[in-house]
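Here is what each chain is made of, one letter per residue.
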Amino acid sequence: MKGIVLAGGHGTRLVPLTQVVCKQLLPVYDKPMICYPLSILMLGGIRQICIISTPRDLPIIRGFLGDGGSLGVEFTYVEQPRPEGIAQAFLLAEEFIGGDPVTLILGDNVFYGDFFQGEDGFARAVRDFERGGLIFGYYLGDPRDFGVLEFDAAGLAVGIEEKPLEPKSNYAVPGLYAYDAGVVEVVRGLQPSARGELEITDVNRTYLERGDLRVDRLGRGIAWLDTGTPGSLQAASSFVEAIEMRQGLKIACLEEIAFDQGFVDRAGFEALIAGFPSPPSECDYREYLEMVLAQKDAAPGGQRSALTQDRAAASSPRSRL
């Protein structure tokens, strides 16, 4: 499985912030926004990741992330000359996809919860994926701003509508999708919508009509946050701050995830730590990474960090992305 982060668009709802820096590098509490979708792909065991953004913003993102080698992953960068819908990502990344299945995540979405931890949940869904498409349903009090699922009496998905005035359910489709390599041809066969875009809802509808779309409903314990407006950006930052301050564990810490996933060894993790300011400079982020290393050393056998052991324990309330 390969991964795509769609970090394009102009961020018009966040002007004037996005006149200074691209949306995906705006802070969500203590780290750039793009770290959050990247963390989900990495937690799913995905190491080949394509990042799509605008000609203006792509060099800035590349300057921040590099080639991914220090994290034990491989980043490929692709320009999006003009935003023409979410589904356009598959055409832009056609060469990157090749003949492999691919997971697409939107660059302004934040996910959090146990479903994205350990070997079950999202990681298992990625590992077991074979063909067709996989999307998720997320319960919202008012889902009208999103693609909305329709279910039959047996609970099976039978339809998807884009931003309906009268939704047929409360289940919206969040910005996380997996498809087989045939998605490129599916998108190539689409007609642009009335707003001139290649709609991801049309991709999902095509797979659904073929009988090749699986829909997994996310439970109550999962947070899905959109950060596309000043208010939602602030709300996401407050959410991350509350969780991190309460638990003392970071969300979307790419360096920690790379270490826990075995993408980098101890020497590689120490090199990542060394990249942050050291005493007498104050750097809370470096202190956190040093704590992760110390807890790993204190764990029985030094095999995995204490944080990972706590996260994997069925009785543990802790969770970090």
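Sequence positions are assigned chain by chain, starting from 1 and proceeding in written order. In view of the model being predicted, local features appear only for residues whose pLDDT reaches at least 70, and side-chain atom pairs are presented and counted only at 80 or more, with totals across whole chains, interfaces and linings using the full set of residues. Hydrogen atoms and water are omitted, and side-chain values are computed over all heavy atoms in the structure.

A. Here's a closer look at the overall build of the protein. The way it works is that DSSP assigns letters per residue, a run of H or I at least four long becomes a helix, a run of E at least two long becomes a strand, and they are numbered from the N terminus. Looking only at helices and strands, the protein features twelve helices and 14 strands. Taken over the C-alpha trace, the protein has a radius of gyration of 19 Å; the compact-globule value for 321 residues is 20 Å, and the two agree within 12%. If one aligns the C-alpha atoms of the protein with their principal axes, the spans along those axes are about 60 × 45 × 40 Å. Evaluated residue by residue, the protein yields a buried proportion of 52% over its 321 residues. Here the globule rule is a power law, 2.2 Å times the number of residues to the power 0.38, and the radius of gyration is based on C-alpha atoms. Under the scheme applied here, a residue whose accessible area is under 20% of the maximum for its type counts as buried, over 50% as exposed, and between as partly exposed, the area being computed with a 1.4 Å probe on protein chains only.

B. Representation of the pairing of strand β5 (residues 74–79) in the model. For strand β4 (residues 48–53) and β5, the ladder comprises six bridges, and the chain directions are parallel. Bridging from a neighbouring strand, Cys50 pairs with Thr76 of β5. Strand pairing requires that DSSP identify at least two bridges connecting the strands.

C. Local environment of the layout of surface pockets. Whether a set of points on the 1 Å grid over the protein atoms alone is a cavity depends on a 1.4 Å probe fitting there but being unable to get out, while an open set qualifies as a pocket with protein on both sides within 12 Å along at least five of seven lines; lining residues are those with an atom within 4 Å of a point. Grid points are joined across faces, edges and corners, and a volume is the space filled by probe spheres set on the points. Volume-wise, the largest pocket comes out at about 1000 Å³. Of all the secondary-structure elements, those providing two or more residues to the lining of the largest pocket are β10 (157–162), α7 (200–210) and β14 (223–226). The nonpolar class holds Ala, Val, Leu, Ile, Met, Phe, Trp, Tyr, Cys and Pro. Asp, Glu, Lys and Arg form the charged class, and all remaining residues, Gly among them, are polar. Its residues assigned to classes, the lining of the largest pocket shows twelve nonpolar, 17 polar and ten charged. The calculated volume of the second largest pocket comes to roughly 310 Å³. Around the second largest pocket, the lining comprises 14 residues; the ones closest to its centre are Phe64, Leu254, Glu255, Phe276 and Tyr285. Counting only elements with at least two residues in the lining of the second largest pocket, the list comes to β3 (31–32), α2 (58–65) and α9 (254–260).

D. Main features of the confidence of the model for the protein. Per-residue confidence for the protein gives a mean pLDDT of 90; residues scoring 70 or more make up 93%. The pLDDT value expresses, per residue, how confident the predictor is, ranging between 0 and 100. Whether two residues are in contact is decided by their heavy atoms, any of which lying within 4.5 Å being enough. Considering only residues more than four positions removed or in separate chains, one finds that residues 309–321, a stretch of pLDDT under 50, has 42 contacts.

E. A look at unusual backbone geometry. Here the amide bond leading from Val15 into Pro16 is cis, since omega sits at 10°, within 30 degrees of zero. In this structure, Lys163 is a non-glycine residue whose phi angle is positive, near 50°. Within the element layout of this structure, Lys163 appears in the loop between β10 and β11 (171–172). Not every positive phi belongs to a glycine, and Ala252 is a case in point at roughly 60°. On the basis of relative accessible area, Ala252 is assigned to the buried category, the value being 0%.

F. View of empty space enclosed by the protein. Following the criterion strictly, the structure yields one cavity of 30 Å³ or more and no others. One number sums up the size of the largest cavity: a volume of about 40 Å³. Taken together, Gly8, Gly9, His10, Gly11, Thr18, Cys22, Lys23, Gln24, Arg56 and Asp57 make up the lining of the largest cavity. Its residues assigned to classes, the lining of the largest cavity shows one nonpolar, six polar and three charged.

G. Region of the structure containing the state of the cysteines. Count a disulfide wherever a pair of cysteine sulfur atoms falls within 2.5 Å. If you walk through the whole model with that rule in mind, you get zero disulfides. No disulfide involves Cys22; its nearest neighbouring cysteine sulfur is the one of Cys35, lying 12 Å away. Overall, the relative accessible area of 1% leaves Cys22 in the buried class. For the unlinked cysteine Cys50, the closest cysteine sulfur is that of Cys22, found at 15 Å. Among the residues examined, Cys50 registers a relative accessible area of 0% and is labelled buried.

H. Structural view of the environment of Arg56. When you line up the elements, Arg56 lands in the loop between β4 and α2. Between the C-alpha atom of Arg56 and that of Gln80, which follows or precedes it by 24 residues, the distance is 9.8 Å. Discounting residues that sit within four places of it in the chain, Arg56 has contacts with Thr18, Gln19, Val21 and Cys22. Within polar-contact distance, the side chain of Arg56 engages the backbone oxygen of Thr18 at 3.2 Å. Side chain to side chain, Arg56 and Asp57 meet in a polar contact 2.6 Å long. Here a polar contact is recorded for every N or O atom pair within 3.5 Å, except that within protein the pair must consist of a potential hydrogen donor and a potential acceptor, and residues adjacent in sequence are included only if both atoms are side-chain atoms.

I. Broad picture of the packing of aromatic side chains. Any pair of Phe, Tyr and Trp rings, taking the six-membered ring for Trp, is counted once the centres come within 6.5 Å. Such a pair is stacked with planes under 30 degrees apart, edge-to-face with planes over 60 apart, and tilted for the rest. By the definition in use, this model includes 15 aromatic pairs. Considering the side-chain rings of Phe75 and Tyr77, the 6.5 Å spacing of their centres and the 65° angle between planes classify their relative orientation as edge-to-face. There is no split in this pair, since Phe75 and Tyr77 are both buried. Here Phe276 and Tyr285 contribute two aromatic rings whose centre-to-centre distance is 5.0 Å and whose plane-to-plane angle is 40°, an arrangement assigned as tilted. Residue classification places Phe276 among the partly exposed positions, given a relative accessible area of 24%. The buried category is assigned to Tyr285, whose relative accessible area is 15%.

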